[in-house]
Amino acid sequence: MSDTERAFLQTFMAQRVLTNLEAKTCLEKLRRIEKESFEITDEDTNIEKVIVSVNKSIDEFGLTIVKSRDETQPDLFHYSLVNKLGNEMSQSATTLSANELDFFKILLDQMFTGRQHKPDKDQFWIPFSGLLECSQIQGRRYEEKRNEGQFTVDEDGRKVASVYQKPLKVSEYKALIEKLRQESWIIFQGSDDSRRILPSPRLLAELRPYLTERYSQPAAEEPANGHNYLRNCVACRSIFTRGKQCSTPGCPTRLHISCEDAFYRQHQSNTCPACNSDLKDSAITV
Ligand SMILES: [Zn+2]
Ligand SMILES: [Zn+2]
């Protein structure tokens, strides 16, 4: 790895996710330092080439930089530095304590399958007020474990939660949410009372195995009414959380806004490949 590539990787270590524009700007800056010149060629800022080289070096640490297209803006891409063991959340979210990780998992459950979701309408976000419910769920689970006697007694005779961690206090889960945002696991949208918590490109890229295993529709099951299932975009096969949802009830077709035009062109039609209804007329999931 060259010095420039190493510095580029350090930027990723600090920020976790860069857009294609941010990555290009960063690389330009580093090349200017390297060459001590303002003459920067396109070849100098070939992000893909640098990432191939960086990925070779970080592979042995179980890390990789992945590129994903934004779900709504066609020319926007996200490069995320991810841990390749995304089916083990504890391997990825290494900065979290056990009870923070537990809260994070409840947050994901609420975000991907929560009860605020309407029948036949995908929704992959929760309002800020939904955090209270996450906290209540964690509290209930803790009580259940305690009632089952899953405690041990320490040397001073105090009851210690051996199996289950203590639920987070309000100030603690508020701090956790801010930490998750800073580490690019979640994004905030809107302001004040209407603020929402959404999954981030890093979350979808890094935890894809975990999310797919946990939130996809089980093969043998009929879709339950009002149940959110995680599906992939029919065009790019990446996880879908925002975009077009086929208007036929129960139809599994989902299509990113950023993939829409290319998909219609390629298929020379605007119809759903599963049920033939017009996708252009379908509602947009936000
Ligand atoms: Zn897509
Ligand atoms: Zn359809």
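So, here's what we can say about the structure. From a predicted model like this one, the values you see are computed outputs, not experimental measurements.

## Thoughts on the coordination of the zinc ion (ligand 2)
- Each protein donor to the zinc ion (ligand 2) is listed here as Cys246 (SG), Cys251 (SG), Cys272 (SG) and Cys275 (SG); together their distances run 2.2 to 2.3 Å.
- Each of the four donor atoms around the zinc ion (ligand 2) contributes to a set of angles spanning 101 to 119°, which defines the coordination as tetrahedral.
- Read in sequence order, the donor residues for the zinc ion (ligand 2) give the motif C-x4-C-x20-C-x2-C. Note that cysteine 246 is positioned in the loop between β11 (243–245) and β12 (254–255) and cysteine 275 in the loop between α10 (257–267) and β13 (284–285), a separation of 29 residues in sequence.

## Regarding the packing of aromatic side chains
- Scanning the model with the defined rule gives seven aromatic pairs in all.
- Pairing phenylalanine 103 with tyrosine 173 gives two aromatic rings, centres 5.2 Å apart and planes at 15°, and the pair type is stacked. Placement of phenylalanine 103 in helix α5 (residues 98–113) and of tyrosine 173 in helix α7 (residues 170–182) is noted, with a sequence separation of 70 residues between them.
- Given the relative accessible area of 0%, phenylalanine 103 is considered buried.
- Joined through ring pairs, the aromatic side chains of Phe112, Phe124 and Tyr215 make up one cluster.
- The ring centre of tryptophan 125 lies 3.7 Å from the NZ or CZ of arginine 196, which sits over that ring.

## Considerations on the nonpolar core
- Ranked by size, the top nonpolar core spans 34 residues in total, and within it Phe104, Leu108, Phe112 and Leu211 carry the most contacts.
- Sorting the residues of this core by element identifies α5, α6 (130–147), α7, α8 (201–206), α9 (208–215) and β10 (239–240) as the ones contributing at least two each.
- With eight residues, α5 is the largest single contributor of residues to this core.
- Shared between two domains, this core takes at least three residues from each, and those domains are domain 2 (93–228) and domain 3 (230–286).
- Non-local contacts of leucine 108, meaning those with residues more than four positions away in its chain, are made with Met89, Leu203, Leu207, Tyr210, Leu211 and Tyr215.
- Of all hydrophobic cores here, the second largest spans 17 residues; its members include Phe12, Ala23, Val54 and Leu63.

## Here we look at the pattern of salt bridges
- Tallied over the entire structure, the rule returns 12 salt bridges.
- The salt bridge partner of glutamate 48 is lysine 67, with a shortest N-O separation of 2.9 Å. Linking glutamate 48 in helix α3 (residues 47–58) with lysine 67 in strand β2 (residues 63–69), this pair joins segments that are 19 residues apart in sequence.
- The exposure class of lysine 67 is partly exposed, given its relative accessible area of 42%.
- The closest approach of N and O atoms between aspartate 59 and lysine 84, which form a salt bridge, is 2.4 Å. You can see aspartate 59 sitting in the loop between α3 and β2 and its partner lysine 84 sitting in the loop between β3 (77–83) and α4 (89–92), a full 25 residues away along the chain.

About the thresholds
- Residues numbered from 1 in each chain as written.
- Chains lettered and ligands numbered in written order.
- Predicted model: local features only at pLDDT ≥ 70, side-chain atom pairs only at ≥ 80, totals over all residues.
- Heavy atoms only, no water.
- Donors = N, O, S within 2.8 Å, 3.2 Å for Na, K, Ca; no water.
- Tetrahedral: all angles 85-135°; square planar, octahedral: opposite > 155°, others 65-115°.
- Helix = DSSP H or I, 4+ residues; strand = E, 2+ residues; numbered from the N terminus.
- Phe/Tyr/Trp six-rings, centres within 6.5 Å; stacked < 30°, edge-to-face > 60°.
- Buried < 20%, exposed > 50% of the residue type's maximum accessible area, 1.4 Å probe, protein only.
- Lys NZ or Arg CZ within 6 Å of the ring centre and 35° of its normal.
- Core = buried A, V, L, I, M, F, W, Y, C linked by side-chain atoms within 4.5 Å.
- Domains from an automatic or database assignment.
- Contact = heavy atoms within 4.5 Å.
- Salt bridge = Lys/Arg side-chain N within 4 Å of Asp/Glu carboxyl O.

Everything listed here is a matter of coordinates, which is why it stays silent on function.
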